[in-house]
Amino acid sequence: MSTNKMWGGRFQSGPADIMREITPSIDFDKRLAAEDIAGSRAHCRMLASEGIIAKDDGLKILDGLTAIEKELAEGKFVFKRELEDIHLNIESRLAELIGPVAGRLHTARSRNDQVVTDFRLWVRAACERADAGLKALQLALLGQAEKHTDTIMPGFTHMQVAQPVTFSHHMLAYVEMFGRDRGRFEDAKKRLNESPLGAAALAGTSFPIDRDATAKSLGFIRPMRNSMDAISARDFALEYLAACTIAAVHLSRLAGELVQWSTPAFGFVKLSDAFTTGSSIMPQKRNPDAAELVRGKTGRVLGDFVALATVVKGLVLTYGTDLQEDKERVFDAADTLELCLAAMAAMMADLTAQPEAMRAACVAGFPTATDLADWVVRVLKKPFREAHHISGSIVKLAEDKGVTLEKLALAEMQTIEPAITEEVFKVLSLDASVNSRMSLGGTAPARVKEQLNHWRGVLK
């Protein structure tokens, strides 16, 4: 086998057969084709502008890149594994189209700064796509919240009925979570938005290049200040993967609730046929497969983060081919997260809440016991710890008699605390409890409407 003519002057014989399998990255880094062309255009224009290459040569290169771009768009571009990666594939095709002048494009550039420039451009766009997907999910959640400001459901701690809340309040909790996820992608985008182009192999270049011009052309804020850092840094990819992982964890929590809520034991929501499947043996089943898959794919995204962190952790400066492993992990996480975001947004828009089942689930768990304790503190002026004990004893009495707190007779409550009056019943209903939670961020419908107004303004 002959050497690779794109880089093989140093070598007299070709690589071993196994190297032809382990070395190529074109099978996955062909996804960087658009970014590679964008970076090459910016570099070419700068070279011509600075007189490093002739303007006529620059125009020929730009025309050739446009022709390649058209071939890619039409699916006519032929990717060759023997050329290893997207950069050599495009450079080789450019030479076929315009001849030896194509070789001038690589002046003052290395594949090291070329690939990381492409990768930063790709991850920047992935941050924007994640943000758009998260916003669509927030809007779907907001749509459910707007319909259910008065729908009462149990709030849980330790998976036990705790206090009554509204379904709207519950939905808005996820709107807040996904809002923070959007902030993480925005932060990641800001930090990665510096250009490594011009760092060359690792030490910069002796050619009089204008790195500010190429950075501006590609939409970067500025060039990276240290050429060695520019080549070797992959924290931008790790930060993106960390943001993906946290967002996937939040999706998993919501998916887990959909799985739980859609069971007959809960019956809080109904998912349509569009997002459920049947059983191969049990004809009555309606399985929430889409939600389960979203929940399951979280581990995959986390694995992508761990895999890349493991690759980077042992690398000395600057470049090692180990970093070829960065792109598959990022591509996989991006594809997975974007799919899960789209599926979850569609599920949230599709589901039908079941207010009667939600309200009925509040009855069994004495969710207004805290309201009783608060009333004892507020009206009878007892310390909260004493009020807690009184309320707990009354709950035990109601439980023994098989009734809810509001159905327990006043005389029976007075056997625990004689000072309790008829007024206590005003705080023991589910509606009274929910309406009383007027602290900032509370579940009272008036407060929830404030949250809704805030998010309408942010999202719409």
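Put simply, Leu 317 and Thr 318 share a cis peptide bond, and its omega is 10°. Among the secondary structure elements, Thr 318 is positioned in the loop between helix H11 (289–313) and helix H12 (326–350). With a phi angle near 55°, His 158 is a residue other than glycine that sits in the positive phi range. Among the secondary structure elements, His 158 is positioned in the loop between strand S1 (152–157) and strand S2 (160–166).

Moving on: the state of the cysteines. Tallying each qualifying case throughout the model produces zero disulfides. No disulfide involves Cys 340; its sulfur sits 11 Å from the nearest other cysteine sulfur, which is in Cys 244. Residue Cys 340 is classed as buried on the basis of its relative accessible area, which comes to 5%.

When the terminal C-alpha atoms of helix H3 (residues 33–49) are compared, their 24 Å separation across 17 residues agrees well with the 24 Å that a helix rising 1.5 Å per residue should span. Burial analysis of H3 places 13 of its 17 residues in the buried class, which makes it a mostly covered element. Of the residues one or two after H3, Gly 51 is the one with positive phi, at around 75°.

The end-to-end C-alpha separation of helix H6 (residues 111–147) is 54 Å, in line with the 54 Å expected for 37 residues at 1.5 Å each. The opening residue of H6, the one whose side-chain oxygen lies 2.9 Å from the backbone nitrogen of Asn 112, is Ser 110.

Taken together, the six bridges between S1 and S2 define a ladder with antiparallel strand orientation. When the sheet's bridge partners are listed, Phe 156 is paired in S2 with Val 161.

Closest axis-to-axis distance for the helix H4 (residues 55–73)/helix H5 (residues 86–98) pair is 9 Å, and the angle between their directions is 115°. Judged by the angle between their axes, H4 and H5 are roughly perpendicular. For the pair H4 and H5, the sense of crossing is right-handed. Between H4, through Lys 60, Ile 61, Gly 64, Leu 65, Ala 67, Ile 68 and Glu 71, and H5, the contact on the second element is made entirely by Ile 90, Arg 93, Leu 94, Leu 97 and Ile 98. Looking at the contact of H4 with H5 residue by residue, the classes come out as eight nonpolar, one polar and three charged.

What follows is about the pattern of salt bridges. Per the stated rule, a full pass over the model turns up 32 salt bridges. The residue Arg 81 makes a salt bridge to Asp 27 at a minimum N-O spacing of 3.1 Å. Here the residue Arg 81 occupies a position in the loop between H4 and H5, and Asp 27 occupies one in helix H2 (residues 26–29), the gap between them amounting to 54 residues. For Asp 27, a relative accessible area of 49% gives the class partly exposed. Note that Arg 104 is salt-bridged to Asp 57, the shortest N-O span being 3.1 Å. Separated by 47 residues along the polypeptide, Arg 104 in the loop between H5 and H6 and Asp 57 in helix H4 bring together distant segments of the chain. Relative accessible area serves as the criterion here: at 44%, Arg 104 is assigned to the partly exposed category. Taken together, the salt bridges that share partners define one network made up of Glu 71, Lys 80, Arg 93 and Glu 96.

The rules behind these values
- Residues numbered from 1 in each chain as written.
- Predicted model: local features only at pLDDT ≥ 70, side-chain atom pairs only at ≥ 80, totals over all residues.
- Heavy atoms only, no water.
- Helix = DSSP H or I, 4+ residues; strand = E, 2+ residues; numbered from the N terminus.
- Disulfide = S-S within 2.5 Å.
- Buried < 20%, exposed > 50% of the residue type's maximum accessible area, 1.4 Å probe, protein only.
- Expected span 1.5 Å × (residues − 1).
- Polar contact = N/O pair within 3.5 Å; in protein donor to acceptor, adjacent residues only side chain to side chain.
- Pairing = 2+ DSSP bridges.
- Axes fitted to C-alpha atoms, helices over the stretch in contact; angles between N-to-C directions.
- Parallel < 35°, antiparallel > 145°, perpendicular 65-115°, else oblique.
- Left-handed = near helix turned anticlockwise from the far one by under 90°.
- Contact = heavy atoms within 4.5 Å.
- Nonpolar A, V, L, I, M, F, W, Y, C, P; charged D, E, K, R; others polar.
- Salt bridge = Lys/Arg side-chain N within 4 Å of Asp/Glu carboxyl O.

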